Amino acid sequence: MNYPIDYDTHYIFGKYLASIMTYNNGCIEIEIEDKGIEYKNRFHLYSLAQALKKVRQDIRYLENIKD
């Protein structure tokens, strides 16, 4: 059974507030619901730095679609 062991927040590009949940199996879940952007993804076998890099790429894509 997976259960959260850590919760944190982080700003993406200094404007989108991301909720970061770390689970006991090493999974990282990042969720953003801020300023018109809705994003949620769960990363398996990623470090936090790798997961945040992927989130930044995804947010850039979503910003371009939104314009």
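Just above sits the structure.
Residues numbered from 1 in each chain as written. Predicted model: local features only at pLDDT ≥ 70, side-chain atom pairs only at ≥ 80, totals over all residues. Heavy atoms only, no water.

The subject of this paragraph is the side chain of Glu63. Secondary-structure assignment places Glu63 in helix H1 (residues 48–66). Side chain to side chain, Glu63 and Tyr16 meet in a polar contact 2.8 Å long. (Helix = DSSP H or I, 4+ residues; strand = E, 2+ residues; numbered from the N terminus. Polar contact = N/O pair within 3.5 Å; in protein donor to acceptor, adjacent residues only side chain to side chain.)

The next point concerns the nonpolar core. Soluble, globular proteins show a tendency: their nonpolar side chains are buried together. Core analysis: the biggest nonpolar cluster contains 14 residues, and Ile12, Ile30, Ile32, Tyr39, Val55 and Ile59 have the highest contact counts within it. Contributing elements (two or more residues each) for this core: strand E2 (16–23), strand E3 (28–34), strand E4 (37–43) and H1. Sorting elements by how many residues they give to this core places H1 first, with 4 residues. The residues touching Val55, leaving out its near neighbours within four places in the chain, are Ile12, Ile30, Ile32, Tyr39 and Phe43. (Core = buried A, V, L, I, M, F, W, Y, C linked by side-chain atoms within 4.5 Å. Buried < 20%, exposed > 50% of the residue type's maximum accessible area, 1.4 Å probe, protein only. Contact = heavy atoms within 4.5 Å.)

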